[in-house]
2 protein chains.
Amino acid sequence: MKTDFHFSKEIERAFKNDPPGQWMSPMPAGCLRLSSGYPAPSLVPSEEIKQAVARLLDEERDLPLHYIGSPRVPQLKEFLQNRMAQRDVETANDELLVTSGACQAIDLIARILLDDKAVVAVESPTYMEALEIFQNYTEHYITIPIDENGLQTEVLAEMLAERKDKGLPIPRLLYTIPTYQNPTGTTLSLARRQHVMELAEQYDFLVLEDDAYGELGFGERPRLLKAMDTQNRVIYVGSLSKVVAPGMRIGWVVADKRLIAPLSWFKKDLDHPFDQATMASFLEATDFDEHLEKLTTVYESKCATMLSALEEFLPPSVSWFVPKGGYFVWVQIPDVDTSKMLQEAFAAGVAFVPGKYFFLNQQEGLQYLRLSFSYASHEEIVKGVELLGRVVGTHIVSTAKNVE
Amino acid sequence: MKTDFHFSKEIERAFKNDPPGQWMSPMPAGCLRLSSGYPAPSLVPSEEIKQAVARLLDEERDLPLHYIGSPRVPQLKEFLQNRMAQRDVETANDELLVTSGACQAIDLIARILLDDKAVVAVESPTYMEALEIFQNYTEHYITIPIDENGLQTEVLAEMLAERKDKGLPIPRLLYTIPTYQNPTGTTLSLARRQHVMELAEQYDFLVLEDDAYGELGFGERPRLLKAMDTQNRVIYVGSLSKVVAPGMRIGWVVADKRLIAPLSWFKKDLDHPFDQATMASFLEATDFDEHLEKLTTVYESKCATMLSALEEFLPPSVSWFVPKGGYFVWVQIPDVDTSKMLQEAFAAGVAFVPGKYFFLNQQEGLQYLRLSFSYASHEEIVKGVELLGRVVGTHIVSTAKNVE
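The structure contained in this document is the topic of the report that follows. (Residues numbered from 1 in each chain as written. Chains lettered and ligands numbered in written order. Predicted model: local features only at pLDDT ≥ 70, side-chain atom pairs only at ≥ 80, totals over all residues.)

## Digging into the overall build of chain A
When you go through chain A residue by residue, the secondary structure sums to twelve helices and 14 strands. Whereas a compact globule of 404 residues would reach a radius of gyration of roughly 22 Å, chain A reaches 22 Å, a difference of no more than 12%. Structurally, chain A occupies a C-alpha span of about 65 × 60 × 55 Å along its principal axes. Counted over contacts in chain A with a minimum sequence separation of 6, partners at least 24 positions apart contribute 77%. (Helix = DSSP H or I, 4+ residues; strand = E, 2+ residues; numbered from the N terminus. Rg over C-alpha atoms; globule rule 2.2 N^0.38 Å. Contact = placed C-beta atoms within 7 Å.)

## Overview of the relation of the copies chain A and chain B
Expressed as a screw transformation, the operator carrying chain A onto chain B has a rotation angle of 180° and an axial translation of 0.0 Å, and the superposed copies differ by an RMSD of 0.0 Å. When the rotation and shift are considered jointly, the pair of chain copies conforms to a two-fold rotation axis. Most of the interface of chain A is mirrored in chain B, where 100% of its interface residues are also at the interface. (Least-squares fit on C-alpha atoms with pLDDT ≥ 70 in both.)

## Observations concerning the sheet that holds strand S4 (residues 140-147) of chain B
Residue and element names in this part refer to chain B. Spatially, eight strands are ordered S2-S9-S8-S7-S6-S3-S4-S5 in an open sheet, and the strand pairing comes out mixed. Both outer strands of the open sheet, strand S2 (96-99) and strand S5 (150-151), are each paired with one neighbouring strand and no more. Here strand S3 (residues 119-124) runs beside strand S6 (residues 173-176); their pairing, made up of three bridges, is parallel. Counted as the bridge partner of Val122 is Tyr175 from S6. (Pairing = 2+ DSSP bridges.)

## Overview of the pairing of strand S4 (residues 140-147) of chain A
All names here are of chain A. Bridge count for strand S3 (residues 119-124) against S4 is six bridges, and the pairing is parallel. In the strand pairing of S4, Glu123 is matched with Ile144. In this fold, the crossover linking S3 to S4 by way of helix H5 (residues 128-135) has right-handed handedness. Of the pairings in the sheet, the one linking S4 to strand S5 (residues 150-151) comprises two bridges and is antiparallel in character. Considered in S5, the bridge of Asp147 is made with Gly150. Between the antiparallel neighbours S4 and S5 lie two residues. (Right-handed = clockwise from strand over helix to strand, strands pointing away.)

## Let's talk about the interface of chain A and chain B
Taken together, the contact between chain A and chain B spans 59 residues of the former and 59 residues of the latter. For the side of chain A that touches chain B, the element with the highest residue contribution is helix H2 (residues 46-60) of chain A, accounting for six residues.

## Here's the deal with the sheet that holds strand S14 (residues 368-372) of chain A
Sheets are built from strands that pair by backbone hydrogen bonding, the pairs being arranged parallel or antiparallel. All names here are of chain A. Sheet architecture is open: four strands sit in the order S10-S11-S14-S13, paired in antiparallel fashion. What marks the edges here is a single partner per strand, and that holds for strand S10 (319-320) and strand S13 (353-354). Here S10 runs beside strand S11 (residues 328-332); their pairing, made up of two bridges, is antiparallel. Along S11, the bridge assignment pairs Trp320 with Val331.

## A closer look at the environment of B:Phe346
All names here are of chain B. You can see Phe346 is positioned in helix H11 (residues 342-348). Taking the C-alpha atoms as reference points, Phe346 and Val391, separated by 45 residues in sequence, lie 9.9 Å from one another. When near neighbours in sequence (up to four residues on either side) are disregarded, Phe346 contacts Met27, Pro28, Cys31 and Ala351.

## Points about the nonpolar core
Residues A:Ile109, A:Ile235, A:Val253, B:Ile109, B:Ile235 and B:Val253 are the most contacted members of the largest nonpolar core, which totals 252 residues. Contact partners of A:Val253, with chain neighbours within four places excluded, come to A:Leu97, A:Thr99, A:Ala105, A:Ile235, A:Tyr236, A:Val237, A:Ile260 and A:Leu263. (Core = buried A, V, L, I, M, F, W, Y, C linked by C-beta atoms within 7 Å. Buried ≥ 20, exposed ≤ 12 C-beta atoms within 10 Å, placed from the backbone.)

## Let's talk about unusual backbone geometry
All names here are of chain A. Note that the residue after Ser124, namely Pro125, is joined by a cis bond; omega there is 5°. Mapped onto the fold, Pro125 is located in the loop between S3 and H5. Positive phi, normally seen in glycine, also occurs at Arg249, with a value near 55°. When you line up the elements, Arg249 lands in the loop between strand S8 (234-239) and strand S9 (251-254).

## Structural notes on the pairing of strand S9 (residues 251-254) of chain B
The side chains of a regular strand alternate between the sheet's two faces. Residue and element names in this part refer to chain B. On S9, burial covers both faces: Gly251 and Val253 on one face and Trp252 and Val254 on the other are all buried. The pairing of strand S8 (residues 234-239) with S9 spans four bridges and is classified as antiparallel. Across the sheet, Val237 pairs through a bridge with Val253, a residue of S9.

## Some thoughts on helix H2 (residues 46-60) of chain B
If you check H2(B), its first and last C-alpha atoms are 21 Å apart, about what 15 residues at 1.5 Å a residue would give, namely 21 Å. All buried positions along H2(B) are accounted for by B:Ser46, B:Ile49, B:Lys50, B:Ala52, B:Val53, B:Leu56 and B:Leu57. For H2(B), the buried positions fall inside an angular range of 160° around the axis, keeping them on one side. Exposed residues pointing more than 90 degrees away from the buried face of H2(B) are listed as B:Glu47 and B:Asp58. Considering only its buried residues, H2(B) is in contact with H2 of chain A together with helix H3 (72-86) and helix H9 (273-284) of chain B. In the segment just after H2(B), B:Arg61 is the residue with positive phi, at about 50°. (Expected span 1.5 Å × (residues − 1). Arc of directions from axis to C-beta.)

## Some remarks on the environment of B:Met279
Residue and element names in this part refer to chain B. Take Met279: it is sitting in helix H9. Assessed through the 28 C-beta atoms surrounding it within 10 Å, Met279 is described here as buried. Sequence separation between Met279 and Arg249 is 30 residues; the distance between their C-alpha atoms is 9.6 Å. Residues within four places of Met279 in sequence aside, it is in contact with Leu76, Leu240, Val244, Met248 and Ile250.

## Let's talk about the environment of B:Ala121
When you line up the elements, B:Ala121 lands in strand S3. Other than its neighbours up to four places away in sequence, B:Ala121 contacts B:Ile142, B:Ile144, B:Leu156, B:Pro171 and B:Leu174.

## Focus on the packing of H2(A) against helix H9 (residues 273-284) of chain A
All names here are of chain A. Interaxial distance between H2 and H9 falls to 8 Å at its minimum, and their mutual angle equals 110°. Relative to H9, the element H2 is oriented roughly perpendicular. Here H2 contributes Glu48, Ile49, Ala52, Val53, Arg55 and Leu56 to the contact with H9, which in turn contributes Ala277, Thr278, Ser281 and Phe282. (Axes fitted to C-alpha atoms, helices over the stretch in contact; angles between N-to-C directions. Parallel < 35°, antiparallel > 145°, perpendicular 65-115°, else oblique.)

## Description of the packing of H2(A) against H2(B)
Remark: H2(A) packs on H2(B), axes separated minimally by 9 Å, with the N-to-C direction vectors making an angle of 175°. Taken together, the axis directions place H2(A) and H2(B) in an arrangement best described as roughly antiparallel. When H2(A) is examined against H2(B), the residues A:Ser46, A:Ile49, A:Lys50, A:Val53, A:Ala54 and A:Leu57 are found in contact with a partner set consisting of B:Ser46, B:Ile49, B:Lys50, B:Val53, B:Ala54 and B:Leu57. Tallied by class, residues from the contact of H2(A) with H2(B) come to eight nonpolar, two polar and two charged. (Nonpolar A, V, L, I, M, F, W, Y, C, P; charged D, E, K, R; others polar.)

## Thoughts on H9(B)
Under the 1.5 Å per step criterion, the end-to-end length of H9(B) is 16 Å for twelve residues, consistent within 8% with the ideal 16 Å. Among the residues of H9(B), those classed as buried are B:Pro273, B:Phe274, B:Asp275, B:Gln276, B:Ala277, B:Thr278, B:Met279, B:Ala280, B:Ser281, B:Phe282 and B:Leu283. Looking at the buried residues of H9(B), the elements they touch are H9 of chain A together with H2, H3, S2 and helix H10 (288-313) of chain B.

Structure (structure tokens):
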């Protein structure tokens with residue numbers, strides 16, 4: 001072809017970034033999968049979903065296979081409204097939009113709110129796919145460090161005050177995963193949750209609360225930011241990916257109806273009636289609280305296995321946060337570039353995600369890695385951490401004391 | 001909330017349009033559905049899809065319910081490559097992207113190619129949801145009228161020559177549905193297909209060939225623009241919505257790999273492994289040519305029923321194009337604003353889509369309406385057209401001769 005393509009201005013900007021998915025190294029077959037945020041195979045209800053589809057299609061025939069028409073699509077919405085009510089968030093019909101997973105929700109939110117002038121505040125580290133999405137829209141960020149109690153709101157407050165003093169633009173949006181965060185597994189304390197809401201009011205920004213892991217607490221689940229949101233500043237994003245099945249792609253947004261309307265505007269053509277009706281059919285035959293109880297019991301136990309194995313097999317200079325829920329353990333290995341360990345780990349037979357991919361400035365993440373206890377079995381977790389320990393051992397040159 | 005929302009610049013432009021879906025009037029229950037482009041209930045393979053899911057989940061268990069991992073996802077892609085090969089289009093792996101229906105494909109294409117400077121050439125009338133999508137990106141259009149042989153390429157040639165003479169920007173993209181067009185049911189002649197390709201080369205624009213109905217020909221199917229595309233100027237969009245089930249949301253794009261890469265960039269997070277694997281499971285148990293033969297036999301017969309009923313029940317001044325495939329009959333009722341007939345038609349018990357919604361300048365479409373013969377049964381088609389005839393009769397004030 002003689003011509004060059006004329007891409008849109010927005011796309012030309014996106015192309016300056018690395019292509020998405022660079023963090024997904026092709027993993028050799030047979031590698032122990034401590035990398036992926038996948039649910040445990042035994043906890044994915046494939047038999048129940050098979051039955052849900054059979055029931056759905058026996059009862060409704062062609063209805064869920066058209067663009068619209070299945071009565072179970074509104075039922076799914078009702079289920080989600082009931083879940084939100086259990087978490088102290090009352091949600092009207094025009095305040096909730098079902099999406100194709102949390103990623104589509106985040107992309108739609110970015111699409112309507114962000115442009116090349118917008119500043120976004122993100123946790124550091126944070127969910128890499130959210131970073132990839134935001135970077136398609138803007139180059140302007142402030143990054144707020146995380147400690148064992150989540151997002152350091154004192155630092156956010158200082159940054160905001162400084163920006164105000166200097167006349168710099170205030171972020172339009174704060175993106176946070178306050179509960180069982182990806183990748184750190186940390187949970188924002190109640191005091192900091194209150195502080196976030198105060199700052200949002202004081203500086204007039206919106207908060208995107210990504211709650212993909214929020215139902216997977218090992219103990220009491222913390223209060224949602226959305227439940228503390230008296231001014232409709234919080235855009236809540238939920239997902240059934242981690243608690244039912246990612247392949248069904250069911251997420252949702254709860255927000256001010258003045259935001260849901262434009263989100264629907266761009267969502268409209270991308271609805272998935274069959275997936276939504278299938279999920280509704282699955283849910284109507286499931287005691288969801290019992291289902292969650294089963295999941296969290298398994299994940300808490302697998303998490304304990306991983307933490308014990310880390311104690312046993314990792315050198316004393318290595319440290320980690322102890323998660324209260326979710327899928328992940330965030331590991332710090334001082335003075336080691338974990339991305340340079342990855343091929344060796346693959347060769348040894350274990351996979352992890354190098355920490356740098358979770359940082360806007362990847363240099364800040366060199367000494368971290370993310371482990372997931374969700375997918376692998378207890379035996380695989382122990383074996384995988386043992387293999388990882390050997391690889392780490394060969395990389396640690398200086399001995400430092402355990403800072404946990 | 002005290003604050004107003006800060007929407008992105010692009011979104012603020014989109015908000016100047018009417019909200020999408022305005023053409024979908026809420027239809028009273030029990031109305032005969034000659035409006036919607038839905039497949040016939042009896043032709044939606046709900047029993048086969050139930051079995052496809054059972055086979056898929058029995059064999060693969062959790063695999064198709066994760067983000068990635070089902071071997072049937074690549075199988076779906078192979079199936080689509082084979083279909084394209086049957087239509088004389090050889091497609092490498094990096095030249096094909098599976099999407100969530102044709103609408104997502106069109107939206108992704110608009111997203112990467114169009115900005116507020118771009119000019120798009122569209123048929124007049126054309127698919128309203130494509131217009132809604134394009135209008136989210138740009139306000140600049142040229143519209144090319146359609147006759148019984150499709151897009152009037154002579155008019156397009158004149159417009160392009162005039163724009164070149166005047167130094168006006170040439171369209172970046174021509175959007176066309178060359179085969180069994182929505183809404184007119186017309187098919188672009190072979191001579192005009194060649195003319196489109198010559199103009200694309202001469203004026204250096206891309207062609208978006210929307211082939212959603214292309215497999216539903218009552219006789220020989222015309223040669224694809226993509227099969228005549230020696231310079232990789234054609235972006236082909238296909239869909240299984242009209243030939244299997246819209247609710248599964250399976251579409252695809254075939255294009256130059258330099259376009260597929262950025263489309264994937266924005267598509268990536270919106271993949272639907274369960275739907276794709278289910279579709280692959282359905283297809284592997286289906287003789288697809290036989291399946292298509294069954295569909296086209298039924299639709300050809302329903303189309304004939306509709307055309308006979310139109311002859312019988314509509315006044316002589318009313319005319320229509322005779323379709324060679326697809327779902328639709330485009331009806332012209334001189335000197336009547338069909339949108340003003342809609343509520344009466346609903347009250348009488350029949351639904352249609354007013355023609356104006358298929359035009360950028362809706363005033364040009366007042367005297368048209370779109371009927372669909374796909375969803376309703378033979379009996380419902382006859383009854384619906386009879387009811388429509390009565391409503392039309394009360395609206396025709398002057399008698400004009402049948403111009404068919």
